[in-house]
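Below, each chain spelled out in residue letters.
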Amino acid sequence: MNTHDLFQALGQQRIETPSWGYGNSGTRFKTFAAPGAARDVHEKIEDAAEVHRLTGIAPSVALHIPWDEVEDYAELRRFAESRGVSIGAINPNVFQDDPYKLGSIGNPVPNVRERAIAHLLDCVEIMRQTGSRDLSLWFADGTNYAGQDDLRARKRRVREALQRVHDALPDGTRMLVEYKLFEPAFYATDLFDWGAAYAHCLAIGDKAQVLVDLGHHAQSVNIEQIVAFLLDEGRLGGFHFNARRYADDDLIVGTTNPFELFCIYAELVAAEQSSDNLTRTTARNVAYMIDQSHNIEPKVEAMVQSVLNCQEAYAKALLIDWERLAAAQQAGDVLEAYRTLTDAFRTDVRPLLAEWRRSEGLPEDPIVAHRTSGYQANVAGERGTAAAGGGFPVKS
Ligand code: LRH
Ligand code: MN
Ligand code: MN
């Protein structure tokens, strides 16, 4: 790809950041209070806007309801727009209230399921008011012991709830169904892998697509292959980018798994350029989102680093010589194919990205720019250090 096309592609890249990454959220162990961490949704939006100002490619912020609940969502939308960002995915929370002890939409008690469905439908309404395209669904539902509940009955309850929410979605919007192999349920999770999410989406309808969170797989699962499969089936809806070494570690994107991140972007770039209509359209509509609740790093700069790591992986994927790769694959030249891919991966794209930023009027090094801007000192002065856990989500 020549530099002109490369720069154009880089200018179109979008990464959504999560509101919950800006507050004092973290692990289920100690959440360390960060000076200046956002205390409410308006401050989270301010921080997201700062990440966008620094990187130029993070123009939307995902909300988590009720963590980010407000009286007037139209006002929140206007507030975000006034700061140069928009409201992205709406993430309903049906895992923190006491009635959800045995699950939400998979709960054996009909009233509890109705309560959960009512919240999901409220979130569809919030989508309308905020101009959001995506309802991003993650459920903590599952069981801890064999025999605790009827697994097939749970599957049917989940299906029915998802169907009702799907059918309430306005045209032009979608639901993204996230899966996770375990935690907080330790025996069986209702949406336990991409196959379960995919089967539900397929049965439910066209507005249902699968969301891949990089932290939600067993060790050694080939995530890029899942991505390729879902792209080809037209059912990849979005990502939750983060990094993990052990389980759902929610760390800065690409820190433990840069080659995996590159291979995922390679599949996306290939699909974006595919001659197959469904694959191409699916790839172009993927919601690229970060799901990260870092605990020991400064909130804003950690998010900037995640966005930059996505950008780096994407730039490397854009550099893949697809013709050379296809020729090697056809010829059965295993090593040449591998070398073609890794030539792109090994390219140091940092100078090129600095040049792209210069050309866009962005800081060449967004982290240095942030550190010298005084933003962190300002918010620390204005906001102080909010008590961690005091009204803030403690993420599991
Ligand atoms: C729990 C989780 C999941 C959701 C997020 C809000 O595993 O990390 O990934 O998307 O909380
Ligand atoms: Mn997630
Ligand atoms: Mn997670």
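Think of each chain on its own: its residues are numbered from 1, step by step along the sequence as written. Chains carry letters and ligands carry numbers; both start at the beginning, A for chains and 1 for ligands, and go up in the order they are written. Predicted model: local features are reported for residues with pLDDT of at least 70 only, side-chain atom pairs are reported and counted for 80 or more only, and whole-chain, interface and lining totals are derived from all residues.

Considerations on the overall build of the protein
Piece 1. Within the protein, the regular secondary structure consists of 15 helices and 10 strands.
Piece 2. Radius of gyration here is computed from C-alpha atoms only, and the compact-globule reference equals 2.2 Å multiplied by the residue count raised to the power 0.38. Over its C-alpha trace the protein gives a radius of gyration of 21 Å, about what one expects of a compact globule, namely 21 Å for 396 residues.
Piece 3. Principal-axis analysis of the C-alpha atoms places the extent of the protein at approximately 60 × 55 × 40 Å.
Piece 4. The 396 residues of the protein split such that 48% are buried.
Piece 5. For the protein, the proportion of contacts with a sequence separation of at least 24, taken over those separated by at least 6, is 77%. Per the convention used, a helix needs a DSSP run of H or I reaching at least four residues, while a strand needs a run of E reaching at least two, with both numbered from the N terminus. Burial is judged by counting other C-beta atoms within 10 Å of a residue's own C-beta: 20 or more means buried, 12 or fewer means exposed, and anything between counts as partly exposed, with every C-beta placed from the backbone. By definition, residue pairs are in contact when their C-beta atoms, positioned from the backbone, come within 7 Å.

What about the domain arrangement of the protein?
Piece 1. Domain start and stop points were drawn from an automatic or database domain assignment. As assigned here, the protein comprises domain 1 (7–318 + 373–383) and domain 2 (321–364).
Piece 2. Listed as interface residues are 13 residues of domain 1 and, on the opposing side, 12 residues of domain 2.
Piece 3. Among the secondary structure elements, those contributing two or more residues to the side of domain 1 that touches domain 2 are α1 (3–12), α8 (258–272) and α10 (299–318).
Piece 4. Looking at the side of domain 1 that touches domain 2, the element that brings in the most residues is α10, giving five residues.
Piece 5. Residue type decides the class: Asp, Glu, Lys and Arg count as charged, Ala, Val, Leu, Ile, Met, Phe, Trp, Tyr, Cys and Pro as nonpolar, and the leftover types, Gly among them, as polar. When grouped by side-chain class, the residues that make up the side of domain 1 that touches domain 2 number eight nonpolar, three polar and two charged.

Describing the site of ligand 1
Piece 1. In the neighbourhood of ligand 1, nine residues make up the surrounding shell, with W138, D213, H240, D248 and D291 lying closest.
Piece 2. Looking at the shell around ligand 1 residue by residue, the class counts come to one nonpolar, two polar and six charged. In this entry, near means the residue's backbone-placed C-beta atom lies within 6 Å of the molecule or strand.

A few points about unusual backbone geometry
Piece 1. I65 connects to P66 through a cis peptide bond whose omega is 20°.
Piece 2. Among the structural elements, P66 can be located in the loop between β2 (60–65) and α3 (73–82).
Piece 3. One non-glycine residue, D250, lies in the positive phi region at around 55°.
Piece 4. Positionally, D250 belongs in the loop between β9 (236–241) and α8.
Piece 5. For D250, a count of 26 C-beta atoms within 10 Å puts it in the buried group.

A closer look at the pairing of strand β10 (residues 287–290)
Piece 1. By the alternation rule, side chains of β10 split into A287 and M289 and Y288 and I290, which are all buried.
Piece 2. Paired strands are those between which DSSP finds at least two bridges. In the sheet, β9 pairs with β10 via four bridges, with the strands oriented parallel. Bridge pairing in β10 places H240 opposite M289.

Notes on the environment of H42
Piece 1. One can find H42 in helix α2 (residues 41–55).
Piece 2. Placed 23 residues apart in sequence, H42 and S19 show a C-alpha to C-alpha distance of 9.6 Å.

Focus: the pairing of β9
Piece 1. With six of six residues buried, β9 lies mostly within the body of the structure.
Piece 2. Here strand β8 (residues 208–213) pairs with β9 via four bridges, running parallel. Across the sheet, L211 pairs through a bridge with G238, a residue of β9.

Here's the deal with the UniProt feature "domain: Xylose isomerase-like TIM barrel" (unreviewed entry) in the protein
Piece 1. Per the UniProt record, the feature "domain: Xylose isomerase-like TIM barrel" (unreviewed entry) sits at residues 71–247.
Piece 2. For residues 71–247, helix accounts for 40% and strand for 18%, while the C-alpha atoms at its two ends are 36 Å apart. UniProt positions are given in the numbering used here, feature names are shortened, and annotations may be inferred rather than shown by experiment.

Things to note about the packing of α3 against helix α4 (residues 110–130)
Piece 1. The convention used is that axes are lines fitted to C-alpha atoms, helices contributing only their stretch in contact, and that angles between N-to-C directions extend from 0 to 180 degrees. Running from N to C, α3 and α4 point in directions that differ by 45°, and their axes come no closer than 8 Å. With respect to α4, the axis of α3 lies oblique. In the packing of α3 onto α4, the handedness of the crossing is right-handed. Contacts between α3 and α4 involve Y73, A74, L76 and R77 on the former and, on the latter, I126, Q129 and T130.
Piece 2. In terms of residue class, the contact of α3 with α4 is made up of four nonpolar, two polar and one charged. Working definition: roughly parallel below 35 degrees, roughly antiparallel above 145 degrees, roughly perpendicular at 65 to 115 degrees, and oblique for all remaining angles. Crossings are assigned a handedness: left-handed for a near helix turned anticlockwise from the far helix by less than a right angle, right-handed for a clockwise turn.

A look at the packing of α8 against helix α9 (residues 277–284)
Piece 1. Relative to each other, α8 and α9 sit at 125°, their axes nearing to 7 Å. As far as their axial angle goes, α9 and α8 are oblique. Here α8 and α9 pass one another in a crossing that is left-handed. Packed against α8, whose contacting residues are L268, A271 and E272, the element α9 presents T279, R280, T282, A283 and R284 at the interface.
Piece 2. Residue composition of the contact of α8 with α9, grouped by class: three nonpolar, two polar and three charged.

Some points on the nonpolar core
Piece 1. The nonpolar core criterion groups buried Ala, Val, Leu, Ile, Met, Phe, Trp, Tyr and Cys residues into a set whenever they are joined through C-beta atoms within 7 Å. Core analysis: the largest hydrophobic core is formed by 107 residues, its most contacted members being V177, V210, V227, Y265, V307 and A317.
Piece 2. Here the element with the most residues in this core is α10; it accounts for 12 residues.
Piece 3. Here this core spans two domains, and each of domain 1 (7–318 + 373–383) and domain 2 (321–364) adds at least three residues to it.
Piece 4. The residues touching V227, leaving out its near neighbours within four places in the chain, are V212, L236, I264 and E267.

Regarding the confidence of the model for the protein
Piece 1. pLDDT runs from 0 to 100 and stands for how confident the predictor is about each residue. Across the protein, the average pLDDT comes to 96, with 97% of residues at or above 70.
Piece 2. Predicted complex metrics record ipTM = 0.98 and pTM = 0.97.

Focus on the environment of Y73
Piece 1. Note that Y73 resides in helix α3.
Piece 2. In this structure the C-alpha to C-alpha distance between Y73 and R128, which are 55 residues apart in sequence, comes to 9.3 Å.
Piece 3. Leaving out residues up to four positions away in the same chain, Y73 has contacts with I126, Q129 and T130.

Points about the environment of V61
Piece 1. Structurally, V61 is set in strand β2.
Piece 2. The sequence separation of V61 and G88 amounts to 27 residues, and the corresponding C-alpha distance is 5.0 Å.
Piece 3. Those residues in contact with V61 that sit more than four places away from it in its chain are E16, T17, S19, K44, I45, A48, A80, V85, I87 and G88.

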